[in-house]
Amino acid sequence: MTPEPGEFMSTLTPEEIAELRAAGRPRRWERGVTIMTEGDTTDWVLVLTKGRVKVSSHTTSGTEVVLAIRGPGSLLGEMGAIDGSPRSATVTTLEPVEGFVVRDFIAFLQTHGRVAVLLMQFVVGRLRDSDRKRIEYGAFDTTGRVATRLIELAERYGEKTNGGVRVALPLSQDELAGWTGASREAVSKSLRALRDRGLIETGRRRVVIHDLEGLRKRAR
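All figures in this text were calculated on a predicted structure; none of them were measured in a lab. (Residues numbered from 1 in each chain as written. Predicted model: local features only at pLDDT ≥ 70, side-chain atom pairs only at ≥ 80, totals over all residues. Heavy atoms only, no water.)

1. Digging into the environment of Val33
Relative to the helices and strands, Val33 is located in the loop between β1 (25-29) and β2 (34-36). Expressed as a C-alpha distance, the spacing of Val33 and Thr92, which sit 59 residues apart in the sequence, is 5.6 Å. Dropping the residues within four chain positions of it, Val33 is found in contact with Val91, Thr92 and Thr93. (Helix = DSSP H or I, 4+ residues; strand = E, 2+ residues; numbered from the N terminus. Contact = heavy atoms within 4.5 Å.)

Written out as structure tokens, the structure is:
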């Protein structure tokens, strides 16, 4: 496993990763499978080693809100495992994924104090990121929010090509809409506006960013 930058496992030593892996058992899921369900009460965590998932929640009207996209090295379900509260979000696979499930995560943290401190810092970082996104929703228009999410995808998953930065991710326009807090129609209009300005090119479940700096300016 090579943890993606910014994911929890990237902060651990190889020895700590090996010990956490030894405390769990391997699992794998196909694309489109729900791994965790909002509202469930379970005490296990998942460490992703391959593939990507979406973390989402649903409003009272049934609208899906995508909270995050997570990849290899991500720790999922840690809050419910720590405080015993129901799951705060649903985790669904965007592609085939592999990982290992750790059922007695509290016991692991009790014997690995450095990991526990790193986890506290990581959770605080996620809370700060949530606050930043709430500010975005109030300060940016839909096109600005779409541009911001595309930049995030490019920085995390982008591959440099002759034409720019290519992002191949099994994320539909509906899911992108849920991630930006907008309707599918508004996201489609924003993507068209970014295409018309020559900033991006879109295809089936892929985006090529031709002008990353121009996209950053539009996101502000």
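2. Considerations on helix α1 (residues 14-22)
Taken together, the buried positions of α1 are occupied by Glu16, Ile17 and Leu20. All buried residues of α1 project into a common sector of 100 degrees when viewed along the axis, lining one side. Facing away from the buried side of α1, by more than 90 degrees, are the exposed residues Pro14, Glu15 and Ala22. (Buried < 20%, exposed > 50% of the residue type's maximum accessible area, 1.4 Å probe, protein only. Arc of directions from axis to C-beta.)

3. Describing the sheet that holds strand β3 (residues 45-50)
Working definition: the strands of a sheet are paired by backbone hydrogen bonds and lie parallel or antiparallel to each other. Reading across the sheet, the four strands line up as β1-β8-β3-β6 and stay open at both edges, with antiparallel pairing between neighbours. If you trace the sheet from one side to the other, it starts and ends with β1 and β6 (75-76), each paired once. Sheet topology places β1 next to strand β8 (residues 97-102); five bridges connect them, and they run antiparallel. Within β8, the residue paired with Arg25 across the bridge is Val101. (Pairing = 2+ DSSP bridges.)

4. So, the sheet that holds strand β7 (residues 90-93)
Spatial strand order, β2-β7-β4-β5: four strands in an open sheet with antiparallel pairing. If you trace the sheet from one side to the other, it starts and ends with β2 and β5 (64-70), each paired once. Ignoring strand direction, the axes of neighbouring strands in this sheet form an average angle of 35 degrees. Two elements, strand β4 (residues 53-58) and β7, share four bridges in a ladder whose sense is antiparallel. Residue pairing for β7: Val55 is matched across the bridge by Val91. Of the strands in this sheet, β4 and β5 are in contact with helix α6 (residues 173-180), which crosses β5 at around 95 degrees. (Axes fitted to C-alpha atoms, helices over the stretch in contact; angles between N-to-C directions.)

5. Quick look at the pairing of β4
Counting buried residues in β4 gives five out of six residues, a clear majority hidden from the surface. Note that β4 and β5 share six bridges and pair antiparallel. The partner of Ser56 across the bridge, within β5, is Val66. As consecutive antiparallel partners, β4 and β5 are separated by five residues, and within that stretch Gly62 has a phi angle of approximately 95 degrees, a positive value.

6. A look at the pattern of salt bridges
For side chains bearing opposite charge, pairing can occur when the charged atoms are close. This structure, assessed with the given rule, holds 16 salt bridges. A salt bridge links Glu201 to Arg206; the shortest N-O distance between them is 3.7 Å. We classify Arg206 as partly exposed; its relative accessible area is 25%. Between Glu213 and Arg216 there is a salt bridge; the shortest N-O distance is 3.7 Å. With Glu213 and Arg216 both in helix α8 (residues 212-219) and three residues apart, this pair spans about one turn of that helix. A relative accessible area of 38% means that Glu213 is categorised as partly exposed. (Salt bridge = Lys/Arg side-chain N within 4 Å of Asp/Glu carboxyl O.)

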